[in-house]
Amino acid sequence: MKVVVTRQLPNEIIEMLSNRYEEVVVWEKEDEPIPRERLLREIVDADGLLTNLTDKIDKELLSQATKLKVVSTLAVGFDNIDVVEAKKRGIQVGHTPGVLTEATADLTFALLLATSRRLVEGMDVIRENRWTSWGPFLLTGQQVHGATIGIIGMGRIGMSVAKRAKGFSMNILYHNRTRHLEAEEEFDATYCSMDDLLEQSDFVVLLVPSTKETHKMIGTAEFERMKKTAVFINTSRGTNVDEDALYKALESQSIYAAGLDVFEEEPISASHPLLKLNNITVLPHVGSASIQTRLQMAKLAVDNTICGLEGKTLIHEVK
Ligand code: GLV
């Protein structure tokens, strides 16, 4: 069997595959995605593919993969994979939910705190020698404790963000395709319409997957509904937000600030207009990036690959 791994992973992870299979091809460079041409070449006689969110696993690629049994992505999101096409070809698709929930909720909350309390600006003030004196209103931001948080998408990560919000005595609103009774019972979360959530929340946190329905779901109309003091946080996918509309909302201060871990195009260019604003905190898509969680994700991605190669049901199959 041949397995293609499109990113460098720790030896202990690669060995889980190389101890079992004759050929394990690992893309050599650490910080760059595998070039498309190379992946197209390698996939022709591959039985398994351990991929990640920077590879496009589309119809063109799948149609060349005549032996492929499994596509296993080291991520919970799978919007880079044409799952319908894979299934049509009898290829199983696996992902890594669950193990990354808490780390991603931690990062979401970290971004919420950093954005509302202006942590990065504070560090800049010191580094640039602009801290001349303690000041009664120096770097004052928005209060988190006791504020209203609106969670859009009450899935696993939404629930874990709600758990943290409860610890900060926040009033929790949520919007979801269906009601989430556990969130209501455990965290006193209140289900509401999108409009109500946008109008009432001090913090709007976006945690939905990227689909046709969620594409640019937060745009001009949604930003206009938000409070002038609202802090918008996105740790889901950049494509869920209209970035031009976000830029206008931040630039005109029709919302207070935004914290973003994800962008329409990644990596975002350093010259992007959004990055010229100072009411924004940005991170390079590191939601689940604790060492412990990434190792767990990698192990799960390998286990999914092995299950697929051995004709078993994957531990976490994309449904
Ligand atoms: C990261 O964004 C993931 O989908 O796991």
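Residues numbered from 1 in each chain as written. Predicted model: local features only at pLDDT ≥ 70, side-chain atom pairs only at ≥ 80, totals over all residues. Heavy atoms only, no water.

**Looking at the packing of helix α1 (residues 11-18) against helix α12 (residues 291-309)**
- One can describe the packing of α1 onto α12 by two numbers: an axis separation of 10 Å at closest approach and a directional angle of 5 degrees. Between α1 and α12, the angle is such that the two are roughly parallel. From α1, E12, I13, M16 and L17 reach across to α12, where they touch L295, A298, K299, V302, D303, T305 and I306. (Axes fitted to C-alpha atoms, helices over the stretch in contact; angles between N-to-C directions. Helix = DSSP H or I, 4+ residues; strand = E, 2+ residues; numbered from the N terminus. Parallel < 35°, antiparallel > 145°, perpendicular 65-115°, else oblique. Contact = heavy atoms within 4.5 Å.)

**Considering the site of the ligand**
- Around the ligand lies a shell formed by L53, A75, V76, G77, L100, R237 and H285.
- Within the side chain of R237, a nitrogen or oxygen atom sits 2.7 Å from an oxygen atom of the ligand.
- Among the residues making up the shell around the ligand, the classes are represented as four nonpolar, two polar and one charged. (Near = heavy atom within 4 Å. Polar contact = N/O pair within 3.5 Å; in protein donor to acceptor, adjacent residues only side chain to side chain. Nonpolar A, V, L, I, M, F, W, Y, C, P; charged D, E, K, R; others polar.)

**Some points on the packing of helix α5 (residues 101-116) against helix α7 (residues 156-167)**
- One can describe the packing of α5 onto α7 by two numbers: an axis separation of 9 Å at closest approach and a directional angle of 55 degrees. As the angle between them shows, α5 and α7 are arranged oblique. Relative to α7, α5 is oriented so that their crossing is right-handed. Residue-level inspection shows T101, E102, T104, A105, D106, T108 and F109 of α5 in contact with α7, the latter providing R156, I157, S160, V161, K163, R164 and A165.
- Residue composition of the contact of α5 with α7, by class: five nonpolar, four polar and five charged. (Left-handed = near helix turned anticlockwise from the far one by under 90°.)

**A word on the side chain of H95**
- Along the chain, the position of H95 falls in the loop between β5 (92-94) and α5.
- On the accessibility criterion, H95 (10% relative accessible area) is buried.
- Separated by 2.8 Å, the side chain of H95 and the backbone oxygen of V76 make a polar contact.
- If sequence neighbours within four positions are ignored, H95 has contacts with T73, A75, V76, F78, L300, N304, H316, E317 and V318. (Buried < 20%, exposed > 50% of the residue type's maximum accessible area, 1.4 Å probe, protein only.)

**Things to note about the sheet that holds β5**
- In space, the five strands of this open sheet follow the order β2-β1-β3-β4-β5, with parallel pairing throughout. Since the sheet does not close on itself, it has two edges, and those belong to β2 (23-26) and β5, each with one partner. Within the sheet, the average angular offset between the axes of one strand and its neighbour, ignoring direction, is 15 degrees.
- Bridge count for strand β4 (residues 70-73) against β5 is three bridges, and the pairing is parallel. Bridging from a neighbouring strand, V70 pairs with Q92 of β5.
- This element, α1, spans β1 (2-5), β2 and β3 (48-51) of the sheet and lies at about 150 degrees to β2. (Pairing = 2+ DSSP bridges.)

**Thoughts on the packing of aromatic side chains**
- By the definition in use, this model includes three aromatic pairs.
- A centroid spacing of 4.9 Å and a plane angle of 35 degrees characterise the contact between F109 and F168, whose relative ring orientation is tilted. With F109 in helix α5 and F168 in the loop between α7 and β7 (171-175), the pair connects residues that are 59 residues apart, well separated along the chain.
- Overall, the relative accessible area of 4% leaves F109 in the buried class. (Phe/Tyr/Trp six-rings, centres within 6.5 Å; stacked < 30°, edge-to-face > 60°.)

**Description of the domain arrangement of the chain**
- With domains assigned, the chain is organised as domain 1 (2-98 + 291-309) and domain 2 (101-282).
- Relative to domain 2, the C-alpha centre of domain 1 lies at a distance of 32 Å.
- Tallying the contact residues gives six residues for domain 1 and five residues for domain 2.
- Taken over both partners, the interface formed by domain 1 and domain 2 buries close to 510 Å², and the fraction arising from carbon and sulfur atoms is 46%. (Domains from an automatic or database assignment. Buried area = accessible area lost by both parts, 1.4 Å probe.)

**Digging into the environment of C192**
- Looking at the element boundaries, C192 is found in the loop between β8 (190-191) and α9 (194-200).
- Under the relative-accessibility criterion, C192 is labelled buried at 8%.
- Taking the C-alpha atoms as reference, C192 lies 40 Å from G308; in sequence the two are 116 residues apart.
- Not counting the four nearest positions on each side in its chain, C192 is found in contact with L173, Y174, H175 and L197.

**Some points on the side chain of N52**
- Within the secondary structure layout, N52 lies in the loop between β3 and α3 (59-64).
- Owing to a relative accessible area of 10%, N52 belongs among the buried residues under this scheme.
- Not counting residues up to four positions away in its chain, the partners in contact with N52 are T6, R7, T73, L74 and N80.

**A closer look at the pairing of β3**
- Burial of the side chains of β3 extends over both faces: G48 and L50 are buried on one face and L49 and T51 on the other.
- Two strands pair when backbone bridges link them, and β1 and β3 are joined in this way by three bridges, in the parallel orientation. Across the sheet, V5 pairs through a bridge with L50, a residue of β3.
- Sheet topology places β3 next to β4; four bridges connect them, and they run parallel. Residue pairing for β4: L49 is matched across the bridge by V71.
- The parallel pair β3 and β4 is bridged by α3, and the resulting crossover is right-handed. (Right-handed = clockwise from strand over helix to strand, strands pointing away.)

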